[in-house]
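Listed here are the chains, written in short residue letters.
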Amino acid sequence: MVNNQCAGIYGKCLNIKITNDCPGNCYFCIERDGYKPSMASVETIFRKANALDDYQTVLILGGEPFTYPHLPELLKGLKKREVYITTNGGSFSHINVTEVSPYITGINISIHSFSEEENNKILQTQVSFEALKRYINDFQSNGVPVRFNTILLEAGINTKEKMHKMLEFAKHMGIKWVRFSELQFESKGFVYAQNIFDGIHKNPYVEGCNQNFVIDGINVTVRQSCGIVSRMKPFPKEGKQRQNQADSLVMYPNGEIYHGWIVPQNYRIHQTEPCEKVIENK
């Protein structure tokens, strides 16, 4: 299952949930009812991260990372090979692009529609596409590639025609790579990727949940969900609990580190073992 995220496709990755704060309120966000501890100092966060020598890939998430007041200090303090940030794109004004760009490998922007009004309704916040385009250009001019992460939703991209419009919008915004994903842990508004994309696998658990295409001149990744994380899919006969827990660590704002995300009980599709806390060396 080399193309499955739950099979360690990204290798050893440290996810840092740097803040609980987010101006958005996506109904499908897996962190909306998640673990929200108090915040440790930025020095504690990057010191603990740097102590994990085997984890040279870092993904910074939230909440909304660009609202975190110590983000420049964190980025400068992290001594890692790759540092990515996931954002909704509405809080770039909080930082100086030129200052932080040398420390960022790539940025993932969660944009769920080519319509600004529709996208903001989904995010439940305000993201100006005009301002976003300027920031995308600024980051990419400073050597930081930007990707769109788009969830397939009945309220957004739900047809093949809309998918093509989303790719045209991406081109207009200067984006060369879009990842479309099926919902996880949520059935409301679920859209099947196989109804939109030609030639897609029918069994993502066995054949791989991530598939790559070139559509309309854009690099496209399609991520399907399987029955382990979606009520809309049958539980796979081969199904086991996710296999990447030893390779994917999660650090929360208080500096605690776990093998995987602490998923709220009401989000669990199938009963799984709770995530274990990593025993840190003193």
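Residues numbered from 1 in each chain as written. Predicted model: local features only at pLDDT ≥ 70, side-chain atom pairs only at ≥ 80, totals over all residues. Heavy atoms only, no water.

Participant: I'd like a rundown of the packing of aromatic side chains, residues and numbers included.
Facilitator: Tallied over the entire structure, the rule returns 13 aromatic pairs. Geometrically, the ring pair formed by Phe66 and Phe92 is edge-to-face, given 4.8 Å between the ring centres and 70 degrees between the ring planes. Remark: Phe92 occurs in the loop between strand 3 (82-87) and helix 3 (97-100) and Phe66 occurs in the loop between strand 2 (57-61) and helix 2 (71-77); sequence separation between them is 26 residues. Seen in terms of ring centroids, Phe180 and Phe197 are 5.3 Å apart; in terms of plane orientation they differ by 50 degrees. Their pairing is tilted. Here the residue Phe180 occupies a position in strand 6 (residues 177-181), and Phe197 occupies one in the loop between strand 6 and helix 7 (204-207), the gap between them amounting to 17 residues. Comparing Phe180 with Phe197 shows no difference in burial state: the two are buried. An aromatic cluster is present here, built from Tyr35, Tyr252, Tyr258 and Trp261 joined pairwise through their rings. (Phe/Tyr/Trp six-rings, centres within 6.5 Å; stacked < 30°, edge-to-face > 60°. Helix = DSSP H or I, 4+ residues; strand = E, 2+ residues; numbered from the N terminus. Buried < 20%, exposed > 50% of the residue type's maximum accessible area, 1.4 Å probe, protein only.)

Participant: Go over the sheet that holds strand 1 (residues 13-17), please, and point to the residues and values.
Facilitator: An order of 7-8-6-5-4-3-2-1-9-10 is seen for the ten strands of this open sheet, with the pairing classed as mixed. Because the sheet does not close on itself, it has two edges, and the strands there are strand 7 (210-215) and strand 10 (257-259). Averaged over all pairs of adjacent strands, the angle between strand axes in this sheet comes to 25 degrees, irrespective of strand direction. The pairing of strand 1 with strand 2 spans five bridges and is classified as parallel. In the sheet register, Lys17 faces strand 2, and the bridge partner there is Leu61. Docked against the sheet, helix 6 (residues 160-172) engages strand 5 (146-151), strand 6, strand 7 and strand 8 (218-223), running at close to 150 degrees with respect to strand 6. (Pairing = 2+ DSSP bridges. Axes fitted to C-alpha atoms, helices over the stretch in contact; angles between N-to-C directions. Contact = heavy atoms within 4.5 Å.)

Participant: Residues and numbers for the nonpolar core, please.
Facilitator: Note that soluble globular proteins tend to have their nonpolar side chains buried in a common cluster. Ranked by internal contacts, the top residues of the largest apolar core, which has 67 residues, are Leu74, Phe139, Phe148, Phe180 and Phe197. Among residues more than four places away in sequence, those in contact with Phe139 are Phe66, Phe92, Ile95, Val97, Val100, Ser101, Ile104, Ile107, Val144 and Val146. The next biggest cluster of nonpolar side chains, apart from the first, holds eight residues, and it includes Tyr205, Ile228, Val229 and Ile269. (Core = buried A, V, L, I, M, F, W, Y, C linked by side-chain atoms within 4.5 Å.)

Participant: Explain the pairing of strand 9 (residues 248-251) residue by residue, including any values.
Facilitator: Residues Ser248 and Val250 point to one face of strand 9 and Leu249 and Met251 to the other, with burial holding for every one of them. Pairing of strand 1 with strand 9 involves four bridges; the strand directions are parallel. From the neighbouring strand, Asn15 faces strand 9, where its bridge partner is Val250. Across three bridges, strand 9 lies against strand 10 in antiparallel orientation. In the strand pairing of strand 10, Leu249 is matched with His259. Between the antiparallel neighbours strand 9 and strand 10 lie five residues, among them Gly255 with a positive phi of about 90 degrees.

Participant: Before we move on, could you go through unusual backbone geometry and cite the residues and values that matter?
Facilitator: Residues Gly62 and Gly63 are joined by a peptide bond in cis, for which omega reads 10 degrees. Position of Gly63 among the secondary structure elements: in the loop between strand 2 and helix 2. A positive phi angle is found at Phe185, which is not glycine, with a value near 60 degrees. Positive phi is not limited to glycine here, since Asp216 has a value of about 55 degrees. Summarising the element assignment, Asp216 is placed in the loop between strand 7 and strand 8.

Participant: So, the pairing of strand 5: which residues are in play, and what are the values?
Facilitator: Of all the six residues making up strand 5, six are buried; the element is thus mostly covered by neighbouring parts of the structure. Of the two faces of strand 5, the one carrying Val146, Phe148 and Thr150 and the one carrying Arg147, Asn149 and Ile151 are both buried. For strand 4 (residues 106-110) and strand 5, the ladder comprises four bridges, and the chain directions are parallel. Each residue of the ladder has a partner; that of Asn108, found in strand 5, is Arg147. Examined bridge by bridge, strand 5 and strand 6 share four bridges and lie parallel to one another. For Phe148, the partnering residue across the bridge sits in strand 6 and is Val178. After leaving strand 5, the chain enters helix 6 and then returns to the sheet as strand 6, a path that is right-handed. (Right-handed = clockwise from strand over helix to strand, strands pointing away.)

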